[in-house]
Each structure stands twice: as C-alpha cells, then as structure tokens.
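# Understanding the architecture of this molecule
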Amino acid sequence: MRAVVIAPVLKGARGQSDQGAMARSEEARLEEAIGLARAIDLTITHSALVPVSQPKPGTLLGSGKIAEIKAALDENDAGLVIVDHPLTPVQQRNLEKEWNAKVIDRTGLILEIFGRRASTKEGTLQVELAHLNYQKGRLVRSWTHLERQRGGAGFMGGPGETQIEADRRLLQDKIIKLERELEQVRRTRQLHRSKRKKVPHPIVALVGYTNAGKSTLFNRITGAGVLAEDMLFATLDPTLRRMKLPQGRTVILSDTVGFISNLPTHLVAAFRATLEEVLEADLILHVRDMSDPDNGAQSADVLRILTDLGIDEKDGAERILEVWNKIDRLEREGRAALVQKAETQPNVIAVSAISGEGVDTLLAEINQRLSGVLVDRDIVVPVMQLQLLPWIYDHSIVDHREDMEDGNVRLELRLTETEAAELDRRLGIGQRTAREDWER
C-alpha cells in the first residue's frame, strides 16, 4: 500500500513537553516513523517534517499544511497517511475527511506492527487487549440509520442504547475476557518462575531500543535461531534459552521486546506480564546501537521505561550492564576511540554481535557479575551420592576430577560462598560433622 509519512514538529512550550519527543533530532524522528511504516510493508511515496506553531483542536494541523499534504496524496496516488504524533479521535476523523484517506497515528501504527509480529498465543492476547483499549475511545457514529434503537414495545417505547454504546459495551466485554486470559498467563509465568527458582539458575535479560541488535546478540551467545533482521520490532514474543558460560556456569538468557520512544501506555500495560521477566532478572544487559547518532536519546527512553517498570536508579546501577553494540559499523578511528572509552567505564562492554568482537569479554563480565567472589573447594563425593554430580557441574567450575577406585569421585572446584553452603547441605557435611562430634 502507498503511504505518506509526516512528523509534526510542535513549537513552543507544548512541543518541548511532548513526552520527551524533542530530546531527539527531528530528522531522526521522521526516519524512525518511516522505518515503522516499512516494518508493515508500506511503500513510502512522500515524507515530510510539518512545523506546527499552534495545534488545532480539531485537526492538529493548520489548513495550509492540510492542503499541502492533500496535494502530495493526490500526486503520489497514496491512500494512507501516517502521522507520527498522538491524534485524538476527532482529529483522526476530521483529517480522514479532509484528505479522503485512511489516517493512522503513532500509537495505531505500533499496534499494527505488534499485531503482525505476535506469533504466540500470549503475544496475540496482549496485542489484542492493547488494540481494544485503544479502539474503545475511538468509536465514532458510522450508522445514521442506526443512530438510535428503540426500547420497549410499540411506538411508546423509550429510546434504547445508541449503536456506539452497544459497540462500546461489546468491546468492554471482550476486554474483560482478554484480561482474564492474560491473568492466567501471568499465573503460568509465576509458576514457571517458581520452578526455575527450585533449580536456581541466574536470569540475564536483554533490553534495549528496538533494532539495537538484541536478537542478533542473543543468537550469537546462545546459538538460537531467533528472527533477527534490520527492521524495527523484528521480534516481539520473549524467548528464553538455557546456556553455559565459558567457565561452566549455567544461566538463562531472556530476549525481550524492543522499547521505543512514546511507547503507547496500552502496550506497556498489556505486556506487563512479559516485562516482569526483566524485573526478575539477576542481570540486565542494556543493548545500545552505537552506530545510531540518536543512541543517547534512545538510551534515555529505555531507562525511563525501566524506571516505570519499577527498576530504580540505585538498583539499576548494580543490575544493569551497558552493551555498546554495532561497533563494526563505525569507522576504524571512531571504533578504537569507543572501545577505549568503554574500557575506562565499569559498567560498559563494547561488542559487535555480527562479527563477535568483544563477546568473549562480555561473557566473562557476565560470569564475574553473577558469580561474585569464588572460593576453592576440594571435596570427595561418596558413591552413594553421585546423583549430586549434575548439580555440582551446573553450580560450580570444576577444575579437576578424579574417579577413585572405591567408586568415590574427588573434585577440585570453585563456587560462590552461597553455593558452597548449599553443597555442604546436600552432601550432609555439616550434619555428619555434628554427628561425629556427638559420637565422640
């Protein structure tokens, strides 16, 4: 479908407070809007920044700009206008009448992308709920012949509910049904988390602006086949994989949905069950596209959403590790300077998910963050307790193993103090020592 993309630029105080939209360059906003439109296979025939000195309540844009865009639509034979700005239901309806074309605002466009990307039942439910909540406030009268239904019997019956009210009631019934289904999804996720806690592998969550390279990095680290393309919101549904770090520690890596500026509140609410995986994570990898000139503003948007989810600044400093990705796209001098800058900062690792540069350093940092201070242990696992070996290999770094003639296994290993205490409990070392003392 042929489409025109416009990015209104609001001037004055109102524009500066427009949900932080002025934090990034106007050209970057327009390019992002074009990328969003192309993500659903639209053919962009015209795009433009549209200055708005005084927003009009009925149309947002002035009459002159409306006429200019109308001419662009006619010239390019386009039937769709993407407006990279929130539109009220009245504004959307009036612009459609003026242009004789379909009009979609930023929220509607993101919902359309998410609707196409959702592949699991959970993702479909979340998108449908967000779409219904968005649509509920945008019902306009389309049936003049059904404007008023009559209630009661005969001509004496009073006026019944309007068609709009009937549709709104049906939408609300669907919303309630979806919320119940998503509540069941949330309970299922909690059950899965409780099961994972019984075999406590640390969770590492990937977050970042959309198209920052999270899925590519996820595939590079785990060897998984998650869809990773150079487009906005290439993947939507979260993916979890169990993997072993080079030092032998087992962790669970979680790839989450990409964030974006002015993320619709409907989506944040609908995807809260999914984003709870981030809250439960032991370590959060904030992946940034350092080849994007607007990466600073993108990082601020991601941190703002994490704060909204409940990860405060103090907590984030301990749990968030920045991954400066796509350094392969930089010129040699710029890449060298960026890598050197990353090395001087304690919470930053520079990598290229495509070439693999810096990934080993990243994995080593993840292992150090999750393991903490390691202690050396030299133990003998009795033949009657060899079933503990898989747990030991999952929770420690085994440096040497000796299979003894009597069937026992001697191990030289390194593990955290917490896991050392748990190993002693499983082996019954503390209990055995107490019993031996009592027998003496």
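Residue positions are given per chain, counted from 1 along the sequence in the order it is written. Residue-level local features of this predicted model are given only where pLDDT is at least 70; pairs of side-chain atoms are given and counted only at 80 or more, and the full residue set underlies all totals for whole chains, interfaces and linings. The side-chain values count all of the structure's non-hydrogen atoms but skip hydrogen atoms and water molecules.

Here the focus is the sheet that holds strand β2 (residues 43-52). If you trace the four strands from one edge of the open sheet to the other, you get β2-β1-β3-β4, paired in parallel fashion. With partners counted over all chains shown, the strands left at the sheet margins are β2 and β4 (102-105), one partner each. Sheet twist, expressed as the average angle between the axes of neighbouring strands with direction ignored, equals 20°. Pairing analysis gives four bridges linking strand β1 (residues 2-10) to strand β3 (residues 80-83), with the strands arranged parallel. When the sheet's bridge partners are listed, Ala3 is paired in β3 with Leu80. Across the sheet, helix α2 (residues 26-38) is in contact with β1, β2 and β3; its angle to β2 comes to roughly 145°. Two strands pair under a simple rule: DSSP has to find at least two bridges between them. The secondary structure listing takes helices from DSSP runs of H or I that are at least 4 residues long and strands from runs of E that are at least 2 residues long, numbered from the N terminus. Each axis is a line fitted through C-alpha atoms, taken for helices only over the stretch in contact, and angles between the N-to-C directions span 0 to 180 degrees. Any two residues whose heavy atoms approach within 4.5 Å are treated as being in contact.

The subject of this paragraph is the environment of Arg242. Relative to the assigned elements, Arg242 resides in strand β6 (residues 239-244). When a residue's accessible area, from a 1.4 Å probe over protein chains only, is under 20% of the maximum for its type it is buried; when over 50% it is exposed; and in between it is partly exposed. Looking at Arg242, the relative accessible area reads 60%, which means it is exposed. As for Arg242 and Ile252, which are separated by ten residues in sequence, their C-alpha atoms are 4.4 Å apart. If we skip the residues at most four places from it in the chain, Arg242 touches His201, Thr250, Val251 and Ile252.

With that out of the way, let us pick up the confidence of the model for the protein chain. Every residue gets a pLDDT, meaning the predictor's confidence in that residue, from 0 to 100. For the protein chain, per-residue confidence averages 80 on the pLDDT scale, and 78% of positions sit at 70 or higher. The low-confidence segment residues 141-160, where pLDDT is below 50, has 23 contacts with residues more than four positions distant or belonging to other chains. Counting interchain partners and residues more than four positions distant, the pLDDT-below-50 stretch residues 431-440 has one contact.

Our next topic: the pairing of β3. Residue alternation in β3 divides its side chains into two sets, Leu80 and Ile82 and Val81 and Val83, and both sets are buried. Across four bridges, β3 lies against β4 in parallel orientation. Bridge pairing links Val81 to Val103 in β4. A crossover gets the label right-handed when its path from the first strand over the helix to the second runs clockwise, viewed with the strands pointing away from the viewer. Note on the crossover from β3 through helix α4 (residues 89-99) to β4: the handedness is right-handed.

On to the pairing of strand β8 (residues 283-289). Burial of β8 is extensive: seven of the seven residues sit out of reach of the surface. Of the two faces of β8, the one holding Leu283, Leu285, Val287 and Asp289 and the one holding Ile284, His286 and Arg288 are both buried throughout. In this sheet, β8 lies alongside strand β5 (residues 203-208) in parallel orientation, the contact comprising five bridges. Residue pairing for β8: Leu206 is matched across the bridge by Leu285. With six bridges connecting them, β8 and strand β9 (residues 320-325) associate as parallel partners. Note on β9: the bridge partner recorded for Arg288 is Trp324.

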